[in-house]
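Tertiary structure, described
Spelled out from the first residue to the last, the chains are:
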Amino acid sequence: MSAQTNQELIDRRKAAITTAVGNASLNFIASGQGAVLRDVEGRDYIDFAGGIGAMNIGHSHPKVVAAIKEQAEKLTHCCFMVNPYEKAVALAEKLCKLTPGKFPKKAVFLNSGSEAVENAVKVARYATKRQAIVVFENGYHGRTYLTMTMTTKVKPFKLGFGPFAPEIYRVPFGDPKALHDFFLTQINAEAVAAVVAEPVQGEGGFNAPPSDYFPELAKICHDNGILLVMDEIQSGMGRTGKMFASENWGIEPDMMVIGKSLAAGMPIAAVVGKAELLDAVHVGGLGGTYGANPVACAAALAVLDVFEKESLLEKSVALGKKLDAKFKSWQKRFPMVGGLRGLGAMRGFELVTGPAKTPAADGAMKLAAYCHENGLVLLVTGIYGNIVRCLAPFVITDEQLEKGFSILEAGLEKIHNQ
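Residues numbered from 1 in each chain as written. Predicted model: local features only at pLDDT ≥ 70, side-chain atom pairs only at ≥ 80, totals over all residues. Heavy atoms only, no water.

Looking only at helices and strands, one finds 13 helices and 16 strands in the protein chain. Since a compact globule built from 418 residues should have a radius of gyration of about 22 Å, the 21 Å found for the protein chain is in line with a globular shape. Projected onto its principal axes, the C-alpha positions of the protein chain cover 60 × 60 × 45 Å. Total accessible area on the protein chain stands at roughly 18600 Å², and carbon and sulfur atoms take up 54% of it. The average position of the 44 basic charges and that of the 42 acidic charges among the side chains of the protein chain differ by 2 Å. (Helix = DSSP H or I, 4+ residues; strand = E, 2+ residues; numbered from the N terminus. Rg over C-alpha atoms; globule rule 2.2 N^0.38 Å. Areas by Shrake-Rupley, 256 points an atom, 1.4 Å probe, with all protein chains shown as cover. Lys, Arg positive; Asp, Glu negative; His and termini not counted. Charge placed at Lys NZ, Arg CZ, Asp CG, Glu CD.)

Set out below in structure tokens:
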């Protein structure tokens, strides 16, 4: 049975899918191309969400579609742990070469970002023989039990789901002194296996640290035998103007977690790191039925080819500059637009209210709703739910970008005048 209207599909969704899964919008999408989505009623939407950062190269890129079709006709699954295949090896080789660090590296493939973070923690604990993991306030690492524990925000991610995983410790983000003090007052450094950090915090509000922060953090980790794990699931794959955000500060993490835009929406994630760390784990200690799925690997290889041949990093840098300029103009024009957030094309701005600049979550939700109603897919984020964020595909045209800006600006104008 097929339905032709959004309302028909909304009714079917209510009857068949749990209400525990939320939706930013109930416009049912039928297709996507580049930076434009089309719903089942034929209405187009400029996409400023990018599948929550999974579509940096755009929807249905021809090279990715072709790679998926070609691989699907040959082999869709046999499990890499049963019989290996070349696509997974080729992808691992490329990622080991692309990720920062001149040391020998190896990779392991998983299904999702959360699963990759969990495996990085497993490797860190196994290799160091330590248990404690340090994460950061406002951080987000996933929805599984361990990664949910590592995530800061309670509602909706953690509410009612306790007890949580042990030996997870949280410190303020962006302040190296806080980390030094933490090891004096909370836990001894010798007990810490790894520090896990997002280079630019995503769900926590698009928070970018001071330029000297990560070099100092890396030194603290090195001096104390602590592994540095960078969670590049949302900030990686060109989002900040570098292939990986860690490169903005010259960081060479012991391990890096990659996902989302790695395969343009296909479910695959990876842990890439020092060979000695990943090889420390016993045979069979890492893996999974669908990890390194051949179709997802083919999609990821096509994505990397597109980055190389279609100047996507340059497009990301250009997009970031346009977003920064537009957001600064709105900051001057609208009192409700508070601080600007992010780095490169990973940009956002906060909505505030009153002389005290109180976070305006209600205003952010109204703005997102206005945008959805008027042809723009937009997401809000942050601990207080008041950060308007942009994760538009790098291939967005100037015309599409300006149309998206005009819708957003009209929404700001409407809220300003209320």
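Structure shown, so let's carry the discussion forward.
Before going further, it helps to examine the sheet that holds strand β14 (residues 376-377). Taking strand neighbours across the sheet as the criterion, the four strands line up as β1-β2-β3-β14 in an open arrangement whose pairing is mixed. One side of each edge strand has no neighbouring strand; the edge strands of this open sheet are β1 (29-33) and β14. The pairing of strand β3 (residues 44-47) with β14 spans two bridges and is classified as parallel. Residue Ile-46 lies in a different strand from β14, and its bridge partner there is Leu-376. (Pairing = 2+ DSSP bridges.)

Further remarks concern the pattern of salt bridges. Counting across every chain of the model gives 17 salt bridges. For Lys-63, the salt bridge is made with Asp-305, and the minimal N-O distance between the two is 4.0 Å. Taken as a pair, Lys-63 in helix α3 (residues 62-74) and Asp-305 in helix α10 (residues 294-309) lie far apart in primary sequence, 242 residues in all. On the basis of relative accessibility, which here comes to 33%, the residue Lys-63 falls in the partly exposed class. Here Glu-70 and Lys-74 are joined by a salt bridge, their closest N and O atoms 3.4 Å apart. With Glu-70 and Lys-74 both in helix α3 and four residues apart, the pair spans about one turn of that helix. Salt bridges here are not isolated pairs; linked through shared partners, they connect Lys-63, Asp-305, Lys-309 and Glu-310. (Salt bridge = Lys/Arg side-chain N within 4 Å of Asp/Glu carboxyl O. Buried < 20%, exposed > 50% of the residue type's maximum accessible area, 1.4 Å probe, protein only.)

A few words now on the sheet that holds strand β6 (residues 168-171). If you trace the seven strands from one edge of the open sheet to the other, you get β4-β10-β9-β8-β7-β5-β6, paired in mixed fashion. Bordering the open sheet on either side are β4 (105-110) and β6, each of which pairs with just one other strand. Ignoring which end each strand starts from, the neighbouring axes of this sheet average 20° apart. Where strand β7 (residues 192-197) meets strand β8 (residues 227-231), four bridges bridge the pair, whose relative direction is parallel. Bridged to Val-195 within β8 is Leu-228. Helix α4 (residues 86-98) rests against β4, β9 (255-258) and β10 (269-274) of the sheet, and its axis sits at about 125° to β4. Most of the contacts of helix α5 (residues 113-128) go to β9, to which it runs at about 165°, and overall it touches β4, β5 (132-136), β6, β7, β8, β9 and β10. (Axes fitted to C-alpha atoms, helices over the stretch in contact; angles between N-to-C directions. Contact = heavy atoms within 4.5 Å.)

A cluster of nonpolar residues, Tyr-145, Phe-161 and Phe-164, forms a patch on the protein surface that exposes about 310 Å² of accessible area. Position of Tyr-145 relative to the elements: it lies in helix α6 (residues 145-150). For Tyr-145, a relative accessible area of 47% corresponds to the partly exposed category. (Patch = residues over 30% accessible without salt bridge, like charges linked within 9 Å, V, L, I, M, F, W, Y side chains within 5 Å.)

This next bit is on the nonpolar core. Core analysis: the biggest nonpolar cluster contains 68 residues, and Phe-48 and Leu-351 have the highest contact counts within it. When residues of this core are assigned to their parent elements, the largest contribution, 10 residues, is made by α10. Setting aside anything within four residues of it in sequence, one finds Leu-351 in contact with Met-336, Val-337, Thr-358, Pro-359, Ala-360, Gly-363, Ala-364, Leu-367, Asn-386, Val-388 and Leu-412. (Core = buried A, V, L, I, M, F, W, Y, C linked by side-chain atoms within 4.5 Å.)

Strand direction decides the pairing type here: strand β11 (residues 337-343) and strand β12 (residues 346-353), joined by five bridges, are antiparallel. Its bridge partner being in β12, Gly-342 is matched across the sheet by Arg-347.

This paragraph deals with the packing of α4 against α10. Between α4 and α10, the shortest axis-to-axis distance is 9 Å and the interhelical angle comes to 40°. Judged by the inter-axis angle, α4 sits oblique to α10. Judged by the twist between their axes, the crossing of α4 over α10 is left-handed. Counting all contacts with α4, which are made through Lys-87, Ala-88, Ala-90, Leu-91, Lys-94, Leu-95 and Leu-98, the residues of α10 involved are Cys-297, Ala-298, Ala-300, Leu-301 and Leu-304. Per-class residue counts for the contact of α4 with α10 are 10 nonpolar, no polar and two charged. (Parallel < 35°, antiparallel > 145°, perpendicular 65-115°, else oblique. Left-handed = near helix turned anticlockwise from the far one by under 90°. Nonpolar A, V, L, I, M, F, W, Y, C, P; charged D, E, K, R; others polar.)

To continue, consider the side chain of His-372. Examined against the element boundaries, His-372 turns out to sit in helix α12 (residues 361-373). For His-372, a relative accessible area of 8% translates into the label buried. Here the side chain of His-372 touches Ala-24 through a polar contact of 3.3 Å, landing on its backbone oxygen. With residues up to four places along the chain from it excluded, the contact list for His-372 reads Ala-24, Ser-25, Asn-27, Arg-43, Tyr-45, Val-377 and Leu-378. (Polar contact = N/O pair within 3.5 Å; in protein donor to acceptor, adjacent residues only side chain to side chain.)

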